[in-house]
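Next come the chains, spelled out residue by residue.
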Amino acid sequence: VMDAPPDKENCQPFVQVAQLMQAAGLKAPEVLDWDAAHGFMLLTDLGGTTMMEAIDHANPQANLALYLQAVDALIDWQLASKPGVLPAYDAALLNRVLSLFPDWYLAQHRGIQLEGKQQETLNEAFAHIVQHNLAAPSVFVHRDFMPRNLMLPTQADDLRLGVLDFQDAVYGPVTYDVASLMRDAFLTWEEDFVLDVTVRYWEKARKAGLLNHEDWSQDFGAFYRAVEWMGLQRHLKVAGIFSRLTLRDGKAKYLADTPRFIHYIRTTAGRYRELRPFMRLVDEVENIQVQTGFAYGRM
């Protein structure tokens with residue numbers, strides 16, 4: 001039973017996306033009854049065990065079957081996509097969520113107000129990120145497609161993962177949800193496992209006709225670079241949201257994950273020439289001293 005008073009929560013997007021997911025063949029909660037005026041809703045129960053709780057952190061390959069189930073659900077969701085049904089993840093929204101990083105992580109958490117050259121560096125990096133991500137084909141996007149929001153099956157005759165927390169779904173970059181799945185804000189995998197699952201998604205997505213953009217359907221490297229740009233945008237957003245949750249809402253546990261997303265931001269920015277000034281800016285903010293120099297000796 002859901003109690004969501006209309007003056008505090010708009011349930012219409014939840015109901016709409018739940019219906020879209022069910023039509024796509026996903027296992028989302030079914031709305032059995034909804035008293036919209038009073039904010040009460042009766043839903044089917046998807047159980048109490050998340051995919052996150054079932055993950056073996058010490059043995060990545062032991063989780064491959066679960067991740068492939070998630071990939072299958074994601075492909076089904078994306079194949080059902082239609083324009084004009086969900087809000088567009090457009091330039092305005094991309095810029096709005098990126099602004100969480102300077103507004104909350106830098107200004108509120110780190111106490112840093114960017115000026116002059118630093119502000120120019122940030123603006124240029126954000127412009128590159130938005131440009132890269134808007135170039136991707138658009139599909140239905142869950143926006144938080146990760147193990148914490150996927151539920152283990154509860155019935156032997158239905159082995160699909162359940163899907164929750166989808167009320168903020170949009171129509172946007174095809175790279176977004178796979179980046180969310182493999183570049184988790186709460187979980188870090190080594191690059192080889194990330195690549196393993198991502199290439200399996202790529203194989204299925206290109207065969208399904210979802211990656212007909214530039215050379216993505218032929219070149220995994222090109223697609224993977226696009227996923228990295230999308231993951232960078234997401235981690236900048238997460239840094240801002242986690243700061244806001246801590247400073248405004250008193251949920252201090254969220255900033256414990258700061259090293260994870262700062263590492264991802266630095267690693268990704270360092271791989272691309274146009275983002276290296278931004279990486280140096282992050283190093284300044286985090287007081288990270290990068291060792292450089294030359295070694296002389298016999299070759």
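Fair warning: this is a prediction, and the values are worked out from it, not measured in the lab.

Q: Which parts of the structure should I look at to understand the sheet that holds strand 1 (residues 2-3)?
A: The pairing of strands in a sheet comes from backbone hydrogen bonds and takes either a parallel or an antiparallel form. In space, the three strands of this open sheet follow the order 1-3-2, with antiparallel pairing throughout. The two strands at the open ends of the sheet, each matched to only one other strand, are strand 1 and strand 2 (31-35). Sheet topology note: the strand 1/strand 3 (residues 40-43) ladder contains two bridges and is antiparallel. Counterpart to D3 in the pairing with strand 3 is F40.

Q: Explanation requested: the environment of A36 in the structure shown.
A: Here A36 is to be found in the loop between strand 2 and strand 3. For A36, a relative accessible area of 43% corresponds to the partly exposed category.

Q: Would you mind going over the nonpolar core with me for this structure?
A: A general feature of soluble globular proteins is that nonpolar side chains tend to end up buried together. Counting residues in each nonpolar core, the largest one holds 97 residues, and the members touching the most others are Y67, F101 and F278. If one sorts the elements of this core by residue count, helix 9 (residues 220-247) sits on top with 14 residues. Residues in contact with F278, not counting those within four places in the same chain, are F101, T121, L122, A125, L236, I265 and A269.

Q: Is there a simple way to think about helix 4 (residues 91-98) in this case?
A: One full turn of an α-helix is made of 3.6 residues, so residues set three or four places apart face in the same direction. Among the residues of helix 4, those classed as buried are L93, L94, V97 and L98. Projected down its long axis, helix 4 carries its buried residues within an arc of 135 degrees, all on one side. The inward-facing, buried residues of helix 4 abut helix 5 (100-109), helix 6 (116-134), strand 7 (170-173) and helix 9.

Q: Help me out: how do you make sense of unusual backbone geometry in this one?
A: It is generally the case that most residues other than glycine have a negative phi and that most peptide bonds are trans. With phi around 90 degrees, R143 is a residue other than glycine that occupies positive phi space. If you trace the backbone, R143 turns up in the loop between strand 4 (138-141) and strand 5 (150-151). One non-glycine residue, E214, adopts positive backbone phi at about 50 degrees. For E214, the position within the fold is in the loop between helix 8 (191-207) and helix 9.

Q: Sorry if this is basic, but what is going on with the confidence of the model for the protein chain here?
A: Interpretation of the predicted coordinates at a detailed level should be avoided for regions scoring low in pLDDT. Residue-level pLDDT values for the protein chain average 93, and 97% of them are 70 or greater. Considering only residues more than four positions removed or in separate chains, one finds that residues 292-299, a stretch of pLDDT under 50, has zero contacts.

Q: Would you mind showing me how to read the packing of aromatic side chains here?
A: Given two aromatic rings, their pairing is described by the distance between the two centres and the angle made by the two planes. Taken as a whole, this structure holds 19 aromatic pairs when the rule is applied. Between W77 and F140, the aromatic rings sit 5.0 Å apart at their centres with planes inclined by 40 degrees, giving tilted as the arrangement. With W77 in helix 3 (residues 64-79) and F140 in strand 4, this pair connects stretches of sequence that are 63 residues apart. Taken together, the aromatic side chains of F101, Y105, F126 and F278 make up a single cluster linked through ring pairs. In this structure, R143 is placed above the aromatic ring of Y89, and the distance from its NZ or CZ to the ring centre is 5.1 Å. Across from the ring centre of W202, 4.1 Å away, lies the NZ or CZ of R206, which sits over that ring.

Q: Please clarify how the side chain of K237 should be interpreted in this entry.
A: Note on placement: K237 falls in helix 9. For the buried K237, which has no salt bridge, the nearest side chain bearing the opposite charge is D144, at an N-O separation of 5.7 Å. Non-local contacts of K237, meaning those with residues more than four positions away in its chain, are made with V97, L100, R143 and Y176.

Q: For this particular structure, what's the right way to read a nonpolar patch on the surface?
A: Taken together, the side chains of V1, L32 and L42 present a nonpolar region at the surface, about 320 Å² in accessible area. You can see V1 is positioned in the segment before strand 1.

Q: Is there a simple way to think about the pattern of salt bridges in this case?
A: Note on pairing: side chains with opposite charge can pair once their charged atoms come close. Within this structure, the stated rule accounts for 14 salt bridges. D158 is the partner of R160 in a salt bridge, and the nearest nitrogen-oxygen pair spans 2.9 Å. Here D158 falls in the buried class, since its relative accessible area comes to 15%. Put simply, E228 and R183 hold a salt bridge, and the shortest N to O gap is 4.0 Å. Remark: R183 occurs in the loop between helix 7 (176-182) and helix 8 and E228 occurs in helix 9; sequence separation between them is 45 residues. Here E228 and R183 have matching classes, each one buried. Counted as one network, the salt bridges with shared partners bring together R183, E191, E228 and R271.

Q: How should I be thinking about the side chain of D177 in this particular structure?
A: Its location among the elements puts D177 in helix 7. Put simply, D177 is tucked away with no salt bridge, and the nearest opposite charge, on R234, sits 6.9 Å away. In this structure the side chain of D177 is engaged in a polar contact, spanning 2.8 Å, whose partner is the backbone nitrogen of H142. In this structure, D177 is in contact with L74, W77, F140, V141, H142, R143, D144 and F145, ignoring residues within four places of it in sequence.

The rules we used
- Residues numbered from 1 in each chain as written.
- Predicted model: local features only at pLDDT ≥ 70, side-chain atom pairs only at ≥ 80, totals over all residues.
- Heavy atoms only, no water.
- Pairing = 2+ DSSP bridges.
- Helix = DSSP H or I, 4+ residues; strand = E, 2+ residues; numbered from the N terminus.
- Buried < 20%, exposed > 50% of the residue type's maximum accessible area, 1.4 Å probe, protein only.
- Core = buried A, V, L, I, M, F, W, Y, C linked by side-chain atoms within 4.5 Å.
- Contact = heavy atoms within 4.5 Å.
- Arc of directions from axis to C-beta.
- pLDDT = per-residue confidence, 0-100.
- Phe/Tyr/Trp six-rings, centres within 6.5 Å; stacked < 30°, edge-to-face > 60°.
- Lys NZ or Arg CZ within 6 Å of the ring centre and 35° of its normal.
- Lys, Arg positive; Asp, Glu negative; His and termini not counted.
- Salt bridge = Lys/Arg side-chain N within 4 Å of Asp/Glu carboxyl O.
- Patch = residues over 30% accessible without salt bridge, like charges linked within 9 Å, V, L, I, M, F, W, Y side chains within 5 Å.
- Areas by Shrake-Rupley, 256 points an atom, 1.4 Å probe, with all protein chains shown as cover.
- Polar contact = N/O pair within 3.5 Å; in protein donor to acceptor, adjacent residues only side chain to side chain.

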